[in-house]
Amino acid sequence: MTAPFTYTDQQDTRSGFGAGLLELGRKNPEVVALCADLTGSLKMDAFEKEFPERFFQIGIAEANMIGIAAGMTIGGRIPFTGTFANFSTGRVYDQIRQSVAYSGKNVKICASHAGLTLGEDGATHQILEDIGLMKMLPHMVVINPCDFNQTKAATLAIAEYDGPVYLRFGRPKVPNFTTADQKFEIGKAVLLKEGKDVSIFATGHLVWKALMAAEALMEKGIDAEVINIHTIKPLDEAAVLASVSKTGCAVSAEEHQRHGGLGDSIAQVLSMNLPKPLEYVAVNDSFGESGTPEELMVKYGLDTSDIIKAAEVAIARK
Amino acid sequence: MASIHELQRIATQVRRDILRQVHAVNSGHPGGSLGCTDFLTALYFHTLKHTPVPFEMDGNGQDLFFLSNGHISPVFYSVLSRSGYFPVDELKTFRKLNSRLQGHPTTHEKLPGVRIASGSLGQGLSVAIGAALSKKLNNDSTLVYTLHGDGELQEGQIWEAAMYAAAKKVDNLIATVDANGQQIDGSTDHVLNLGSLEAKWQAFGWDVLHMDGNNMESVVSTLETAKSHTGKGKSVVILMKTEMGSGVDFMMGSHKWHGVAPNDEQLAKGLAQLEETLGDY
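The notes below deal with the structure included here. Each chain has its residues counted from 1, following the order in which its sequence is written. Note on labels: chains are lettered from A, ligands numbered from 1, in written order. Only residues with pLDDT of at least 70 are given local features in this predicted model, and only at 80 or more are side-chain atom pairs given and counted; all residues enter the totals for whole chains, interfaces and linings.

### Considerations on the nonpolar core
What tends to happen in soluble globular proteins is that the nonpolar side chains get buried as a cluster.
Then, in step 1: By convention the nonpolar core is taken to be a set of buried residues drawn from Ala, Val, Leu, Ile, Met, Phe, Trp, Tyr and Cys and joined through C-beta atoms within 7 Å. Counting other C-beta atoms within 10 Å of a residue's C-beta gives its exposure: the residue is buried at 20 or more, exposed at 12 or fewer, and partly exposed in between, where C-beta atoms are placed from the backbone. Among the nonpolar cores identified, the biggest contains 182 residues, and Ile200, Ala210 and Ala311 of chain A together with Ile129 of chain B are the most heavily contacted of them.
Then, in step 2: In this description a helix means any DSSP run of H or I spanning at least four residues, a strand means any run of E spanning at least two, and both kinds are numbered starting from the N terminus. Here this core takes eight residues from helix H8 (residues 206-219) of chain A, the largest share from any one element.
Then, in step 3: Each residue gets a C-beta atom placed from its backbone, and two residues are in contact if those atoms lie within 7 Å. If we ignore the near neighbours within four places in the chain, the residues touching isoleucine 200 of chain A are Ala210, Ala213, Ala214, Ala224, Glu225, Val226, Ile227, Val251, Ala253, Ile307 and Ala311 of chain A.

### What to know about unusual backbone geometry
Glycine aside, the phi torsion of most residues is negative, and most peptide linkages are trans.
Then, in step 1: Cis peptide bonds are those with omega within 30 degrees of zero, and the linkage from lysine 233 of chain A to proline 234 of chain A qualifies with 0°.
Then, in step 2: Among the structural elements, proline 234 of chain A can be located in the loop between strand S12 (231-233) and helix H9 (237-247).
Then, in step 3: For the peptide bond that leads from valine 53 of chain B to proline 54 of chain B, omega is -5°, which places it in the cis range.
Then, in step 4: Mapped onto the elements, proline 54 of chain B comes out in the loop between helix H3 (37-47) and strand S1 (64-67).
Then, in step 5: Notably, aspartate 37 of chain A is not glycine yet its phi reads approximately 65°, a positive angle.
Then, in step 6: Note on placement: aspartate 37 of chain A falls in the loop between strand S2 (31-35) and helix H2 (45-50).
Then, in step 7: Here aspartate 37 of chain A falls in the partly exposed class, since 15 other C-beta atoms lie within 10 Å of it.
Then, in step 8: Even without glycine at this site, lysine 110 of chain B takes up a positive phi of about 60°.

### What to know about the pairing of strand S13 (residues 250-257) of chain A
All names here are of chain A.
Then, in step 1: Of all eight residues in S13, eight are buried, a share of seventy percent or more.
Then, in step 2: A pair of strands counts as paired when DSSP detects no fewer than two bridges linking them. Relative to S13, strand S10 (residues 198-202) is paired through four bridges, and the arrangement is parallel. For serine 199, the partnering residue across the bridge sits in S13 and is alanine 250.
Then, in step 3: Alignment of S13 against strand S14 (residues 278-283), held across five bridges, turns out to be parallel. The residue of S14 that forms the bridge with alanine 250 is leucine 278.
Then, in step 4: Chirality of the crossover, the property in question, places the unit of S13, helix H10 (residues 262-273) and S14 among those that are right-handed. Consider the strands pointing away from the viewer: the crossover is right-handed when the path from the first strand over the helix to the second runs clockwise.

### Quick word on the interface of chain A and chain B
In many reports, interface size means the accessible area that the parts give up when they come together.
Then, in step 1: With 23 residues of chain A at the interface, the matching set in chain B holds 29 residues.
Then, in step 2: Elements represented by at least two residues in the side of chain A that touches chain B include exactly helix H3 (62-72) and helix H5 (93-102) of chain A.
Then, in step 3: If one sorts the elements of the side of chain A that touches chain B by residue count, H3 of chain A sits on top with eight residues.
Then, in step 4: For this classification, the nonpolar set comprises Ala, Val, Leu, Ile, Met, Phe, Trp, Tyr, Cys and Pro, the charged set comprises Asp, Glu, Lys and Arg, and every other residue, Gly included, is treated as polar. Across the side of chain A that touches chain B, the residue classes break down as 10 nonpolar, 11 polar and two charged.

### Digging into the sheet that holds strand S7 (residues 165-168) of chain A
Residues and elements named next belong to chain A.
Then, in step 1: Strand order in the open sheet formed by seven strands is S3-S2-S4-S5-S7-S6-S12, with mixed pairing between adjacent strands. Edge positions in the sheet fall to strand S3 (55-57) and S12, since each of these pairs with one other strand and no more. Taken pair by pair, the neighbouring strands of this sheet meet at an average axis angle of 20°, ignoring direction.
Then, in step 2: Where strand S6 (residues 141-143) meets S12, two bridges bridge the pair, whose relative direction is antiparallel. Geometry is summarised by axes, namely lines fitted to C-alpha atoms with helices restricted to the contacting stretch, and by angles between N-to-C directions that run from 0 to 180 degrees.

Written as structure tokens, this is what we have:
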């Protein structure tokens, strides 16, 4: 059964995180928030204002922030750390690996400004490797929701899950189209449009583009199935296999490097269970650059037209 | 609470445990372990308010200790087992396949007494600050202790944490630095001169104490002083002068026993210098 969706407005996913965090603050006294000098950018200011005693301004010291978060779980707190995706992962990989993942600590690593859509700041900040880095860590949950409503729902859901989570979201305003009252199930793919010719597995900002691509494909007589993979790890393997069993080919779409991202996770499942053609829509072994989010998505092959092309190639390879 | 004489006797047995653990698997780190034996013995048998059984990760109402220089796991394991966290006999499994006593301490195998994995250096002070902040939120007046190597202070994260603790007045925290002046590649002066540790910690805004880490009376009394300095708006650091390899004459005065196990002959020579006070495992 498909999940309902309707375009409502343009909102940033980071604001979905901020709204979710504020609601968590009101619901769950164990939730604490830590930020490395990016409170406004992460939309954590409302939480800080309402719960100053549970908000910890760490300063520009991300390694220390991850360690403090790990320590705060001892005593029963549920820490949410917030900074840009680059500083949430690559900069602090060893701290996450040893003090959080290997130590099994209940830390929620919340990362904004992921991918190319960070825009004008350029490649130093546009991390395109974070999904891969995080999914390699044993038992790390990796989530990349698609819009404001889903990011809010995911923020609420991860507080209920006991274990380390990486929650990835972004900076620009993008279509908000999933329902406000959705129940977010970690590890459960969401079928948005049924189809029989090709399966499009998209995550994050690429989910809306996948829906637009499916509309355009329909006009060409191609019936594409669109599945939102908001949880990259653990991957909903059953949903992937069920869809590709029906369509016979697949496209993965993500704002991330081709190496190590969602596409590779899908490829692994298919190659081991159901070898069928898979086309990647992802950044191909390249750093980004300065530009508007829209310009960058086009230049680096992550636009709606790229998903359409990939679907046609996948179908031709059947 | 154990007397100084009793603590010294426990420390002797702990040193035997260290030598026997690393000898059995021909690997591990005896030098720093021997140097920190008196400190950890005093901490666990005299200073800490703690309940080994049942072990509770959250440790609410208990003092917590975090070993940041995880490579000195032999002394940590010996002291934990001798104070009742797990059977002393389990020291036999140190560094062996399927053991809870990994080369570096971890929570992953659920060894009672261990609250964080350590090994990759420089992370323990941040973790301890987090635990100390949790205690403040929980209105828990117990304290958080850490131990670091002096070589470990070359890691930048230590100074991020030091700056934070001072700025945010984390005053339920007592960090100890094992100032033995040695690291793997040689003396700290040779590898990367640390300068004045006292001046550095003071400049960062910490309350700095000194102690002779291989003199049990100094260790016990300085830890008591450190406790009395908590709750006054400053984090406390103890610069602990120790001798790497302390208690075994041929292991002292050099960095060479940092990560090398004794052979059969050396083990016998070392054990001959250490009375079996509590019974070997």
